[in-house]
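Residue strings, one per chain:
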Amino acid sequence: MSVVEQKAKPAATPSADKILSVNNIEVIYDHVILVLKGVSLDVPKGGIVALLGANGAGKTTTLKAISNLLRAERGDVTKGAILFDGEEVQNLSPNELVRRGCIQVMEGRGCFGHLTIEENLLTGAFTRRDGKTAIRHDMEMVYGYFPRLAERRNSLAGYTSGGEQQMCAVGRALMSRPKMILLDEPSMGLAPQIVEEIFEIVRDLNDREQVSFLLAEQNTNMALRYARYGYILENGRVVMDGDAKSLAENEDVKEFYLGISEGRRKSFRDGKHYRRRKRWLA
Amino acid sequence: MRAPGGSQGGREAVAGDILLSVEDVSLSFGGVKAVSGVSFDIRKGEIRAIIGPNGAGKTSMLNVINGFYHPQQGRITFKGEARPRMRPHDAAHGGIARTFQNVALFRGMSALDNIMAGRTLKMNANFFWQMLRYGPAMREEVEHRHKVEEIIDFLKIQEIRRTPVGRLPYGLQKRVELGRALAMEPELLLLDEPMAGMNLEEKEDMSRYILDMNDYFGTTVALIEHDMGVVMDLSDRVVVLDHGIKIADGTPDEIKGNQAVIDAYLGVAH
Amino acid sequence: AGLMASAVYASKAQAEDSIYVPLLTYRTGPYANSGIPIANGMHDYLAMLNERDGGIGGVKLNIEECETGYDTKKGVECYESIKGKNPAVVNPWSTGITLQLIPKAGVDKIPILSMAYGLSAAAVGKDFPWVFNPPATYWDGMSMIIKYIGGKTGGLDKLKGKTVGFIFLDAGYGREPIPLLEQLAKDYGFKVKLYAVAGKEMQDQSSQWLAVRRDRPDWMIMWGWGAMNPTAVKRAAENGYPMDHFISVWWGGGEDDARPAGAQAKGYLTLNFAVPGEKFPAIEAIMKDVVGKGKSQTPKDKVGESHYNKGVYNSVMIAEAIRNAQKLTGKKVVTGEDVRRGLETMHITAARWKELGLDGFAAPLNITCADHSGHQPAYMQQWDGAKWVKVSDWIQPMTDKVGPMLDAAAKEYVEKNSGWPKRTEACDKAM
Amino acid sequence: MDILYSIFIDPFAQMIGAPDLLVQTLWDGLVGGMLYALIALGFVLIFKASGVFNFAQGIMVVFAGLTLVGLYEAGVPAFIALALAIAVMYGLAFAVERVVLRPLVNQPDIILFMATFGITYFLIGFGEFVFGGDPKVMITDDLYLPKGSFNVKMLGGIVNFQRLDIVAVVVASIMVAALAVFFSKTRIGRALRAVADSHSAALSVGISLEQIWVIVWFAAGLVALVTGIFWGARSNVSFALEVIALKALPVLILGGFTSIPGAIVGGLIIGVGEKLAEFYWGPLVGGGTDAWFAYVIALVFLLFRPQGLFGEKIIERV
Amino acid sequence: MLYREAGQFKTSYASDQAIFPILQDRIGIVVILAVAFTLPLYADDFIVNAVMIPFLIFSLAAIGLNLLTGYTGQLSLGTGAFMGVGAYACYKLTTIWPDVNIIVWVVCSGFFSAAVGAVFGLPSLRIKGFYLAIATLAAQFFLEWCFIRIPWLYNENISGAIEVPQRELFNIIVTGPRATAETRYYVVLCLVVAMTWIASNLMHGRIGRTWMAVRDMDIAAELMGIRLLPTKLMAFAVSSFYCGVAGALMVFLWYGGAEPAVFNINQSFTILFMIIIGGLGSLLGSFLGAALIYVLPIALRFGPELLGLHMHAATVEHVTFMVVGILIIFFLIAEPAGLARLWQIGKQKLRVWPFPY
Ligand SMILES: Nc1ncnc2c1ncn2[C@@H]1O[C@H](COP(=O)(O)OP(=O)(O)OP(=O)(O)O)[C@@H](O)[C@H]1O
Ligand SMILES: Nc1ncnc2c1ncn2[C@@H]1O[C@H](COP(=O)(O)OP(=O)(O)OP(=O)(O)O)[C@@H](O)[C@H]1O
Ligand SMILES: [Mg+2]
Ligand SMILES: [Mg+2]
C-alpha cells in the first residue's frame, strides 16, 4: 500500500475492516509552522501498527491529530480527514472519542500530579458507566500488570519516579476499556523488563480483547517485533510502509533504526562520528 | 585524564583519583525509602553508570549528589570535601552539572540562550556595563558566545539556535540540555536518562557526544540509563540500585553476569 | 489618533454659537449611588433652561456630560478633552480630581466650581482666583455641626468633657475637616475619637462601629461618600447607636443613604444646603419640560430628591454665573474667563431665588472677589423613616474660627507650591 | 515604655476588663469571616476545577444580586425572581464556557486569569447598562430572611446578635459542607481536580471539559448569588460590592487555593484576626488597619506554609 | 518579499547579537523614533497631553512589571504602590532640596522604590505563583495606607494630596501647571526611550538570561549555579525602580498632583493587564499592552461622537466597558501569548510571503 494509492481513495468511504484511517492530513501549528505534510495511514480492526521515525518527524503530532488534542496545542488539521470507526474525528470532541473507545497515552506521561496513583487510574474510568465493581476489577488487573503501582497506590503521582508515572499513564488508559489505544512512546524511561512487559500487555490485550494499537515508538526493535504493520515518518511525510517483517528486513531500516549493519549489532562505542542520515524523499 | 582519542576498543577501568564518594546515604520521604544506606564512589575521568528498576532511587541519588535533596543520613564527599548542607548552586560552583529526566529546559528561551545560561557562572561583567551592553559586558558576551558556538557545533544543533526550546521535539530538547550542562564546563556531569525517547541513530550520536566529551574535556560522567546496550558499551563501572539499596557494583561484564541484577532488573532478555 | 483630534475639533466648531457647559459626572463605579442623582439634577436644570428659555440670554447651552467614574485618571482625561472647547466652567465632582485641576485652571483660564467639596483653602480668592467652592467649605460644615451639637447640649460651653466621634472615608476628602475638629475640641474642651474607614471597608465597617460601641461617644459625625453612607447608617442602627446623635455632612444626606436601613435609620441627621422637594416652580418646570418629555435619564419619582436638588443648586450657580458674565462683558457667548468674573460677582438674594422659581430653596448666596465660598449657612435635616424633614433653622458657620484657618491653609499651599502665580485678575464690582 | 504597655498589656487588659466586647468582637469577626469565606468559596470552586483564578467572582456577586433585585423591582415576585436569577447564572456559566474557556483550553493560568478580567469588564458594563449604576436595596422580607437583632446578657454586658448574620453563618456552613463532600467523594469531584492539574491530560482521558466547566461556573454563580444576597442585605447592592472580592484574596490564599475547608478556616482566622487587631491595636496607629492587616496575617502564615494552610502540596521534583 | 533577512550576513558574533539583527527592523525603529520625536509638531494638545504622555508613562510602568512578572516569573500586584513610592519619594526629595534638578530626583526616586520593592520581594524565596501575589498585595495595601497615614510624606498638606511645585531644567519649566505639554512630552519620551534601551540591554545579557531561567524552571536554574534569592531580589529591585520612576513621572509630568487613591490596587491591575495582553516577557509587548488598555478606551469614548452617534456619557462608558472586555477576550483567544507574539507571527508570515508558510 503506498501513499499515492491512499490519496486516490475517496476520503469518506467507511470501510468495515479499518478502525482508523488517516487520509492525507496536513497539520499547522500556530498558523505558521507546517508539521505534517500529507500523512496517510490505516489501522485495521484488531491490528497493531507501529509509527516509526526520528525525533521531530511528527509522530506525536499525528497521534494528537487523531485523538483531537491538537486544538489544545494551537495546532490545526488544515487538510485531509481522519476516520475513526467510520466517523470523522474532527467533529467529535476528545471526550466523545474516548467514549467511542479511542484513547491516547500521551508522551511525557501527563499524570495528574496532585492526584494519587489510584485516583489517576480512576479518572481513566471517567467515561465508563458499567458500575463500580467492573472498575475495581479492571484496577486490580492494572495492578496485576504493574505491581510497582500497587505499592505506590496512595502516593501523589507528582512525587513518583519517571517510570512509575509512565506505568500510571498506560494503566490509566487501560482503565477506559478502549477499542483502540494510541501509545506515544510507551517504553520511554522504563526499565527493560517493564518495556517487555508493556509490549506483552499490548499483545495480550490485542489477542484477548481485539484492542487495536497505534504505537509511536523509538524503540524500533521492540515495535517491529510486536507490530504487524509499520509506517516510517520523516519530516512530516510517510516515507515507507509495509509489513513489520519486511520492514525489519529492509537494509536501510536495519542500518538506521535497528543498528544492525553487516549482519551484527554494533557497539555504541563504534558509532562513526556524526553520520549524516540518508534521507528518503525529504 | 586521558589523551584525546585514547580510548578505542575495550576500556580498562580508569585509575583516576576518587572524585566523589557517597557513603552510607539514606533518604526517605515520609514512609517511602528512596535510598537506603548506599555507598559508592566515582573516579576522576570515568563514566559511571547507575542502573536499576523504576523507582529504585536513581534520580533521588543524583538529587542528593547535587544538593537538591538532603540525605537524612550519610555523607557525600566531592573533591575531598564533605559539605553537609550543600545547596544546589554550591554544587554548581563546585563543578557539578546535570541534565534531567523530564527535560528541564528554560522553555521560553531559545536554544542559544539556554546554552548561554549555562555559562552564567563564568560571566561577571557588572550591572553597570550590562546596562549599557558595552565594554566588558559586550566583550564577555562575545567571548562566551564563541564557546557556546563550539558546543553548538559539537552537538550539531546549528539550525535550531534561535528556536524557542519549548517547540523542539523531545530528542533535540535533550540534546540542548546536554549542551547547557556542557557549557558549565563541569568536572562531574550527571546525566539522567539522556537517551530516553531517542531512536537508535540518535542514541548513537548521543553516545558519541558523551564519549567525546569524556575524552576531550576529561569530564567525569555519572549516567542513568535504561538502555542496557548503551550502559554496557559506554560505562567503565556500573552501580545497581533496587528499592533504594545497592545490589551490585562493578564492571559491565561483572554486572551482566550478576544473578541479583538479572532477577531485579535485566530480566530474561539479556 | 488623528481621527480623534479631528473629532475634537469638529465639536469645537459646533460650539461657536452656544455656550459649552461640560459636566464631569459619574454614573458608574462604586460611588455611583451618590453621583447619579447629582448628575441628574445638574443636567436637568440646565436642560430646562434650554427648553423653557432657549438657553441663557438667548444663547443655547451646549451641555455635555463626561463620565469620570469618580476616577482621577478619567477625570483628568475628561478635562483634557474638554479644555480645548471653550468650556464656561468645570465641575470636577470629586475632591481628587479638583485637587488635580486647581493648578491647571489658572493656566488654561477655566474656572473650577467645586460646590461644597474640594480644597477648603480655595475659598481664599486672593490666592485662588480660578477656584470656587460655594456655598460653604467642609470646615464651615464641621463648625455648623458642632454648633448644632452645642445647641442640643445647651450651649457650646456645655461640650466640655463630652466625646465626639468622627467616622470618615480614609482619603483626602474624609480627613480634611480633622484639623478644624481638633481645633474646636481644644477650644471647647471636648474629646475627639477618630474612626477611619478604608475604601475597601466601606461595605463592612463592623470593627469601626464596634469601637464606637466601646468608646460610647456622645455624638457621631460622619464624612462619608458612596456606599459608605448607607452601610454606616445600618451599622449604627444595628449597634444601637442613638440615631439622633449621628450627624453627617451634606454628602450623607441622600435618600439612598438612609433608605436601605429603612425605619431603623429614623432620627439620622445630616446637614443640607438645598431643600429637597419638587414643589418649586423651577423644579416643576424641569418635570414638565425635561423629565416629562423624556429628555432626561431621571426617573420621575426621583426628581426633587435631596442630592438631585444639590445638583440643581450647582447648575443654578452655573447659570447665574453665565448670566452675570453676559452682563459684565456684554457678550452673548461667554467663555471661561468671563464666567470666572461672573462667579466672583454672584449674589443670589432671597428675592433672586424667588425669581428663579426656587423660593426658600436655599440661603442667599454671596460670593466675592476675596471670598470664593460665601460661607453660607446650612440647615439640619432628619430622616423620618421615609423622607427628609427639616429640623433646624439655617445654621451659620463659625466664620471667626474657620476664616483664619482658611487663610493659613491658603498661605501654606502657596508657599509649598513654589512658583504659584500671584493673582493678577482684577476684581469686578458686585452687581 | 508607654508604647510597650499599649501594645502588650493594655489590649489584653481591655479584653479582660470588658469580656462582652471581646465576645462581640469575636462574633463579628466570625460573621465577617464566614462572609469572606463565602466569596472565597466562589474562587476556590473555579480554581479547583480549572486552575483558573477567577477575577470575575466579585462582579458575579454584584451581577447576581442586581439581577435578583432588578427583577423584583420590575415586578417579578421574589421567589420567581430568585429562580430567574439562578437561571441567569446558569446562562452566564454556559456563555463563559462557550465563548471564553473553550477557545482558551490548555493555556497558562495567567492567561485565563486575564480572560476573567475581560469577563469582569464586560459584566460591569453590561450590568450597569441593564440595571443602572444606582444602588438597590436587597429584598429580605420577601425571601423570608429575618431582620433585627437580639441581645444576650452575658459577662456583665450585652452581646448583640443580628438574626441575619446567624442565618448567613448557617447557610455558609451548609454550602461549604456540601461542596466539600461533593469535591472529595464523587466521580465528578475527582475529575474536577484532574482538570485543574492538566487540561490536556484531562482531555486525553476523556473528561469533558465543557461539561465540567459549566458545572463549576454555575456552582460559583450560585455561591455568588448567595453572597450577593447576604452582603447586599448588610449594606446594599451596588457596584461598590465588587471590591469586597479583594477581601477574599487573603482568605483564599491563607486557606490554600484549592481547599474548601481552607476557605472557611482562612475566613475565620482573617475575620477574627483583623477585627481583633483593628479593635484593640488599631487605635495605636490611627485605625484603618483592616485595609492591610488581613494580607499581613496571610503572609505570615505563608512564610511557614507556602501552599497555605490546606493547600495542595507544591510538587517539586526533577 | 520586502521583509527578508536573506543576504544580510553576520560576520561577527557581536553583530549577530545586536538587538535588531535585521536591517528592516532597524529602519522600523528609526522611523518610530522619528515619529515620536516630531509628534508635537502635528498633533494637538489633547493627543500629547492626554494620550501620549500617559501612554509612555504606562509603558514604562509596564516594562517595570514585565521585568518582574514577564521575565522573572514573579507575579506582582503591588505595582501601584511601588509607583506611589517613587512619586512620594520624588515629592519629598524635591521639596527638601528644591534646587537639585528635578530629573535627577525623578531618577533617584526609583532607588527608593527599588529598596522598598526588594524588601517586599524577600518572601519570594519561599512563596511562589499566586501565593506570592499575597506578599505584593500586602505591600500594595500597606503602602497605600502609609501614603494616607504618614503626613510627613505629603508635607502635612491638609488635602492629604501632593502637589507638584514648579521646577525648571535649563530655564525651561518642566513641571508644574505652567510647563507646556510639549516640554513634558519630550522629557517623558527621552526617559522612556533611555530606560527601554537599558531594559533591553539587560534582558539580552547575562542578567536577562538568569531571570528568564528562574522564571522557566527555578530548580534547574539553581542547579546551574544561579542563586535564587539574589536573582529574584534584583528583579524586584530593578522592576520597582522602573515602576518608581514611572510613578514619579506620572505625578510630576502628567497629573501635576496626586492623592493616594491614584496608586491603588486598580492601578496595579491595569498595569498587570497591560503586560499580559501585550505579551509577558516582551518589551514591545509592554508598549502594545499599554496602548491597548489605556488608549483603546479613550478611542472608544470618542468613537460614537466620531460616528455622529449621540449617546449618553454614561451609556458610552457602559458600552466602552463591554467592548473593552470583549476585545480583551478576543485578543487572548487570537493569541494567548500576547500582542507582541501576534506581531512576531505577522512578521514571520511576511518573511515567507507570498507563500502561506
Ligand atoms: N505546539 C507546537 N508548536 C509549534 N511547533 C510544534 C509544536 N509541537 C510540535 N511542534 C513541531 O512539530 C514537529 C514534530 O513534532 P512531534 O512532537 O510530532 O515529533 P515526534 O515525531 O513526536 O518527535 P519525538 O520523537 O521527539 O517525540 C517538531 O519539529 C516540533 O518542533
Ligand atoms: N519528593 C519526593 N516525595 C516523595 N516521594 C519521592 C520523592 N522523590 C522520589 N520519591 C520516591 O522515591 C522513589 C525513588 O524515586 P526516583 O525518582 O529516584 O526513582 P528512579 O530510580 O529515578 O526511577 P525511574 O527509573 O523510574 O526514573 C520513588 O518511589 C518515588 O516515588
Ligand atoms: Mg513525540
Ligand atoms: Mg528517575
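Residues numbered from 1 in each chain as written. Chains lettered and ligands numbered in written order. Predicted model: local features only at pLDDT ≥ 70, side-chain atom pairs only at ≥ 80, totals over all residues. Heavy atoms only, no water.

Description of the coordination of the magnesium ion (ligand 4)
Residue and element names in this part refer to chain B.
- Taken together, the protein ligands of the magnesium ion (ligand 4) are Thr59 (OG1) and Gln101 (OE1), with distances of 1.9 to 2.2 Å. Here the residue Thr59 occupies a position in helix α1 (residues 58-65), and Gln101 occupies one in the loop between β6 (96-98) and α3 (111-117), the gap between them amounting to 42 residues. The exposure classification of Thr59 matches that of Gln101, with both residues buried. (Donors = N, O, S within 2.8 Å, 3.2 Å for Na, K, Ca; no water. Helix = DSSP H or I, 4+ residues; strand = E, 2+ residues; numbered from the N terminus. Buried < 20%, exposed > 50% of the residue type's maximum accessible area, 1.4 Å probe, protein only.)

Examining the pattern of salt bridges
- Under the definition given, this model contains 74 salt bridges over all chains.
- One salt bridge in this structure joins Glu118(A) and Arg153(A), with 2.9 Å as the shortest N-O distance. In this pair, Glu118(A) sits in helix α4 (residues 117-124) while Arg153(A) sits in the loop between α6 (147-151) and α7 (162-174), placing the two residues 35 residues apart along the sequence.
- In this structure Glu118(A) comes out as buried when scored by relative accessible area, which is 15%.
- Take Arg153(A): its relative accessible area is 26%, and that puts it in the partly exposed class.
- For the salt bridge of Asp204(C) with Arg234(D), the shortest nitrogen-to-oxygen distance reads 3.0 Å. Residue Asp204(C) is found in the loop between β6 (191-197) and α8 (206-215), and its partner Arg234(D) is found in helix α9 (residues 209-234); the two belong to separate chains.
- Owing to a relative accessible area of 3%, Asp204(C) belongs among the buried residues under this scheme. (Salt bridge = Lys/Arg side-chain N within 4 Å of Asp/Glu carboxyl O.)

Structural notes on the state of the cysteines
- Overall, the coordinates contain two disulfides over all chains when judged by the stated rule.
- One disulfide in the model links Cys66(C) with Cys78(C); its S-S distance is 1.9 Å. Taking the torsion about the sulfur-sulfur bond, which here is approximately -80°, the covalent link between Cys66(C) and Cys78(C) counts as left-handed. Taken together, the residues Cys66(C) in strand β2 (residues 61-67) and Cys78(C) in helix α3 (residues 72-82) connect sequence positions 12 residues apart. The residues Cys66(C) and Cys78(C) share a single accessibility class, namely buried.
- With no disulfide partner, Cys111(A) has as its closest neighbouring cysteine sulfur the one in Cys168(A), 3.7 Å distant.
- Take Cys111(A): its relative accessible area is 13%, and that puts it in the buried class.
- The exposure class of Cys168(A) is buried, given its relative accessible area of 0%. (Disulfide = S-S within 2.5 Å.)

So, the site of ligand 1
- Around ligand 1 sit 20 residues in total, of which Asn55(A), Thr60(A), Thr61(A), Glu107(A) and Arg167(B) are the nearest.
- The environment of ligand 1 is shared, with nearby residues belonging to chains A and B.
- One nitrogen or oxygen atom from the side chain of Thr61(A) is found 2.4 Å from an oxygen atom belonging to ligand 1.
- Measuring from an oxygen atom of ligand 1, one finds a backbone N or O atom of Arg167(B) at 2.4 Å.
- For ligand 1, the protein covers 85% of the area, taking 630 Å² as the surface of the free molecule.
- The set of elements that each furnish at least two residues to the shell around ligand 1 consists of β2 (33-44) and α2 (59-66) of chain A together with α6 (170-183) of chain B.
- Counting residues per element, the shell around ligand 1 draws most heavily on α2(A), at three residues.
- Considered class by class, the residues forming the shell around ligand 1 number eight nonpolar, seven polar and five charged. (Near = heavy atom within 4 Å. Polar contact = N/O pair within 3.5 Å; in protein donor to acceptor, adjacent residues only side chain to side chain. Areas by Shrake-Rupley, 256 points an atom, 1.4 Å probe, with all protein chains shown as cover. Nonpolar A, V, L, I, M, F, W, Y, C, P; charged D, E, K, R; others polar.)

As for the sheet that holds strand β10 (residues 245-250) of chain B
Residue and element names in this part refer to chain B.
- Read from one edge of the open sheet, six strands run β6-β7-β8-β3-β9-β10, paired in mixed fashion. Both edges of this open sheet fall to β6 and β10, since each of them pairs with a single strand only. Sheet twist, expressed as the average angle between the axes of neighbouring strands with direction ignored, equals 20°.
- By the bridge criterion, four bridges tie strand β3 (residues 47-51) to strand β9 (residues 237-242) in an arrangement that is parallel. Bridging across to β9, Ile50 finds its partner in Val239.
- Across the sheet, α6 lies against β6 and β7 (188-192), angled at about 165° from β7, the strand it touches most.
- On top of the sheet, helix α10 (residues 259-266) reaches β3, β9 and β10; it is set at about 125° to β10, its chief contact. (Pairing = 2+ DSSP bridges. Axes fitted to C-alpha atoms, helices over the stretch in contact; angles between N-to-C directions. Contact = heavy atoms within 4.5 Å.)

Side note on the domain arrangement of chain B
All names here are of chain B.
- Once the domains are mapped, chain B shows domain 1 (1-95 + 186-270) and domain 2 (108-185).
- Each side of the interface is counted separately: domain 1 has 17 residues, and domain 2 has 13 residues.
- For the side of domain 1 that touches domain 2, the element with the highest residue contribution is helix α7 (residues 200-217), accounting for five residues.
- Considered class by class, the residues forming the side of domain 1 that touches domain 2 number 10 nonpolar, two polar and five charged. (Domains from an automatic or database assignment.)

A look at the environment of Thr315(E)
- Tracing the sequence through the fold places Thr315(E) in helix α13 (residues 313-334).
- Here the alpha-carbon distance between Thr315(E) and Arg301(E), two residues 14 residues apart in the chain, equals 9.9 Å.
- Apart from the residues within four sequence positions on either side, Thr315(E) is in contact with Gln297(C) and Phe129(D).

Overview of helix α1 (residues 2-17) of chain D
Residues and elements named next belong to chain D.
- The terminal C-alpha atoms of α1, which comprises 16 residues, lie only 19 Å apart, well short of the 22 Å expected from a rise of 1.5 Å per residue.
- Within α1, the axis deviates most sharply at Ile9, by approximately 40°, and proline Pro11 lies no more than four positions further along.
- Residues of α1 that are buried: Ser6, Pro11 and Met15.
- Next to the buried residues of α1 lie α2 (19-50) and α11 (260-281). (Expected span 1.5 Å × (residues − 1). Bend = angle between axes of the 7 residues up to and from the residue.)

Some details on the confidence of the model for chain B
Residues and elements named next belong to chain B.
- Within chain B, residue pLDDT values average 84, and 93% of them lie at 70 or more.
- Across chain B, element-level confidence peaks in strand β8 (residues 220-224) with a mean pLDDT of 93 and bottoms out in α10 with 83.
- Of the regions scoring below 50 in pLDDT, residues 1-14 engages in 28 contacts with residues more than four places distant in sequence or in other chains.
- Predicted complex, confidence summary: ipTM 0.86, pTM 0.88. (pLDDT = per-residue confidence, 0-100.)

Topic: the environment of Leu75(E)
- Mapped onto the secondary structure, Leu75(E) falls in the loop between α3 (45-71) and α4 (79-96).
- Sequence separation between Leu75(E) and Ala135(E) is 60 residues; the distance between their C-alpha atoms is 9.8 Å.

Here we look at the pairing of β10(B)
- One ladder, built from five bridges, connects β9(B) with β10(B); its direction is antiparallel. Note on β10(B): the bridge partner recorded for Asp242(B) is Ile245(B).

Examining the pairing of β9(B)
All names here are of chain B.
- Burial analysis of β9 places six of its six residues in the buried class, the great majority of the element.
- The side-chain alternation of β9 yields two buried faces, one formed by Arg237, Val239 and Leu241 and the other by Val238, Val240 and Asp242.
- The hairpin turn running from β9 into β10, its antiparallel successor, is two residues long, and His243 in that turn takes a positive phi close to 45°.

Concerning the interface of chain D and chain E
- Taken together, the contact between chain D and chain E spans 52 residues of the former and 36 residues of the latter.
- Between chain D and chain E, roughly 4,100 Å² of surface is buried when both sides are summed, and carbon and sulfur atoms account for 84% of that area.
- Counting the surface chain D buries against chain E, the share from its top three residues, Met114(D), Tyr121(D) and Trp292(D), is 16%.
- At the surface where chain D touches chain E, the tally comes to three residue pairs in polar contact (both at pLDDT 80 or more).
- At the level of elements, α4 (78-101), α5 (109-131), α10 (244-255) and α12 (293-304) of chain D are the ones that each hand at least two residues to the side of chain D that touches chain E.
- The leading source of residues in the side of chain D that touches chain E is α5(D), at 16 residues. (Buried area = accessible area lost by both parts, 1.4 Å probe.)

Re the confidence of the model for chain A
All names here are of chain A.
- Within chain A, residue pLDDT values average 81, and 86% of them lie at 70 or more.
- Note on residues 1-15: pLDDT is under 50 here. Beyond four places in sequence and across chains, it has 18 contacts.
- In the model, residues 274-282 has pLDDT below 50 throughout and makes 30 contacts with residues more than four positions away in sequence or in other chains.

Examining helix α6 (residues 129-149) of chain E
- For α6(E), which comprises 21 residues, the first-to-last C-alpha distance of 30 Å matches the rise-based estimate of 30 Å (1.5 Å per residue) to within 8%.
- Counting buried residues along α6(E), 19 of its 21 residues qualify, which places the element largely inside the surrounding structure.

Description of the side chain of Glu335(E)
- Position of Glu335(E) relative to the elements: it lies in the loop between α13 and α14 (339-352).
- Among buried charged residues, Glu335(E) stands out as having no salt bridge; its nearest opposite-charge side chain is Arg74(A), 4.4 Å away.
- If sequence neighbours within four positions are ignored, Glu335(E) has contacts with Arg74(A), Arg341(E), Leu342(E) and Ile345(E). (Lys, Arg positive; Asp, Glu negative; His and termini not counted.)

Some remarks on the nonpolar core
- Counting residues in hydrophobic clusters, the biggest one holds 329 residues, and the most contacted among them are Leu68(D), Phe113(D), Trp217(D) and Tyr242(E).
- The element contributing the most residues to this core is α3(E), with 19 residues.
- Residue-level mapping places this core at the junction of two domains, with at least three residues from each of domain 1 (1-95 + 186-270) and domain 2 (108-185) of chain B.
- Leaving out residues up to four positions away in the same chain, Trp217(D) has contacts with Ile46(D), Asn54(D), Met60(D), Ala93(D), Val96(D), Leu101(D), Thr116(D) and Ile119(D).
- Within the second largest apolar cluster, 157 residues are counted, among which are Phe246(C), Ala261(C), Leu365(C) and Trp388(C). (Core = buried A, V, L, I, M, F, W, Y, C linked by side-chain atoms within 4.5 Å.)

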